[in-house]
Amino acid sequence: DAEITQSPRHKITETGRQVTLACHQTWNHNNMFWYRQDLGHGLRLIHYSYGVQDTNKGEVSDGYSVSRSNTEDLPLTLESAASSQTSVYFCASSEWSGIPLFFGPGTRLTVL
Amino acid sequence: ELKVEQNPLFLSMQEGKNYTIYCNYSTTSDRLYWYRQDPGKSLESLFVLLSNGAVKQEGRLMASLDTKARLSTLHITAAVHDLSATYFCAVDLMDSNYQLIWGAGTKLIIKP
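Right, let's walk through the structure included here.

Notes on a nonpolar patch on the surface
Residue and element names in this part refer to chain B.
1) Next: Taken together, the side chains of Leu9, Phe10 and Ile109 define a hydrophobic patch exposed on the protein surface, amounting to about 280 Å² of accessible area.
2) Next: Checked against the element boundaries, Ile109 lands in strand S11 (residues 106-111).
3) Next: For Ile109, a relative accessible area of 31% puts it in the partly exposed group.

Structural data, given as C-alpha cells:
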C-alpha cells in the first residue's frame, strides 16, 4: 500500500546543531508539504514543493530549508536549531487541490 | 489578514448529546477540509467540501459549507466516546496550488 513515512519519529538535539528530518512518500504525488504543529497555533506551513527541483517558502520558513531531488522525498533541514523550533513536524502530500492531504506520522523534535 | 477561526476551542460533552463546531474564515473560498487528530497521532481527512451548500455525512458526523457566510459547521449527532479527538478545519486559498490556512483546532472530549 502507498504510504508516507517520516524519520526519525523522535529527535532531541542541541541548540546550534544542524538537523534533517526525512519524509518519503510512495503515492507518487507531485505536491509535498512540511508543517509544524504547536499548541494553540494549528498547523503552520514551513515549505512546500510542487515537483522535482521546485521548492517554495511557507509562512514560517525562517531557519528551515528543503530540497526536492526526486518525487518521493522532501527532507527538511534546520540549519542551526533553536529552542523555538521545538515542535511536532508533519510532512504531507497530495496530487492536486480539492483532494485531501495525506499526512505522515509526524516527528517530535526537541531542541535543548 | 487571512484567518480561520474555530469555536469552541474546547468542548466537553456527554455521550448521546448533539453539538456543532463552527469554522469561520475571512477569505473567499469554496474549498474547505475537515480533519481529525487523535492524541499523539497524525491527521486524518474527514470531509472535503468543494462548493457552496455542500453537505457531507459519515456516521454521526455531518459537515456543511456556506461560502457566502464563509462558514462551515461540523455537527455531531448522539456523540459517542470514540469521537473524542481534536478536529481541524482548513481553507484552501485557491489563488495558488493548495495553500491551506488552518484553524487552531477544537478539542472534543466526550464523556461516557
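Concerning the sheet that holds strand S6 (residues 55-58) of chain B
Residue and element names in this part refer to chain B.
1) Next: The strand order across the open sheet built from five strands is S1-S3-S8-S7-S6, with neighbouring strands paired in antiparallel fashion. Here the strands that pair on one side only, and so sit at the sheet edges, are strand S1 (4-7) and S6. Ignoring strand direction, the axes of neighbouring strands in this sheet form an average angle of 15°.
2) Next: Pairing of S1 with strand S3 (residues 19-25), which is carried by four bridges, proceeds in the antiparallel orientation. In the strand pairing of S3, Asn7 is matched with Tyr22.

Description of the environment of Glu1 of chain B
1) Next: Position of Glu1 of chain B relative to the elements: it lies in the segment before S1.
2) Next: For Glu1 of chain B and Ser26 of chain B, which are 25 residues apart along the polypeptide, the C-alpha to C-alpha distance reads 7.9 Å.

Points about the pattern of salt bridges
1) Next: Scanning the model with the defined rule gives five salt bridges over all chains in all.
2) Next: Residue Glu14 of chain A is joined to Arg17 of chain A by a salt bridge in which the shortest nitrogen-to-oxygen separation is 3.4 Å.
3) Next: A residue is classified by how much of its surface remains accessible, and Glu14 of chain A, at 46% relative accessible area, is partly exposed.
4) Next: Residue Arg17 of chain A is classed as partly exposed on the basis of its relative accessible area of 48%.
5) Next: Put simply, Arg31 of chain B and Asp92 of chain B hold a salt bridge, and the shortest N to O gap is 4.0 Å. One end of the pair, Arg31 of chain B, is in the loop between S3 and strand S4 (32-37); the other, Asp92 of chain B, is in strand S9 (residues 85-92), and 61 residues separate them in sequence.

Quick word on the state of the cysteines
1) Next: One pass over the structure, following the stated rule, counts two disulfides over all chains.
2) Next: Through a disulfide, Cys23 of chain A is tied to Cys91 of chain A; the S-S separation comes to 1.8 Å. The disulfide joining Cys23 of chain A to Cys91 of chain A has a torsion of about -70° about its S-S bond and is therefore left-handed. Separated by 68 residues along the polypeptide, Cys23 of chain A in strand S3 (residues 19-25) and Cys91 of chain A in strand S9 (residues 87-94) bring together distant segments of the chain. Across the pair, Cys91 of chain A and Cys23 of chain A agree in class, each one buried.
3) Next: With its sulfur 2.0 Å from that of its partner, Cys23 of chain B forms a disulfide with Cys89 of chain B. One quick way to see it: the torsion about the S-S bond of Cys23 of chain B and Cys89 of chain B is about 85°, and its sign makes the bridge right-handed. You can see Cys23 of chain B sitting in strand S3 and its partner Cys89 of chain B sitting in strand S9, a full 66 residues away along the chain. Just as Cys23 of chain B is buried, Cys89 of chain B falls in that class too.

About the thresholds
- Residues numbered from 1 in each chain as written.
- Chains lettered and ligands numbered in written order.
- Predicted model: local features only at pLDDT ≥ 70, side-chain atom pairs only at ≥ 80, totals over all residues.
- Heavy atoms only, no water.
- Patch = residues over 30% accessible without salt bridge, like charges linked within 9 Å, V, L, I, M, F, W, Y side chains within 5 Å.
- Areas by Shrake-Rupley, 256 points an atom, 1.4 Å probe, with all protein chains shown as cover.
- Salt bridge = Lys/Arg side-chain N within 4 Å of Asp/Glu carboxyl O.
- Helix = DSSP H or I, 4+ residues; strand = E, 2+ residues; numbered from the N terminus.
- Buried < 20%, exposed > 50% of the residue type's maximum accessible area, 1.4 Å probe, protein only.
- Pairing = 2+ DSSP bridges.
- Axes fitted to C-alpha atoms, helices over the stretch in contact; angles between N-to-C directions.
- Disulfide = S-S within 2.5 Å.

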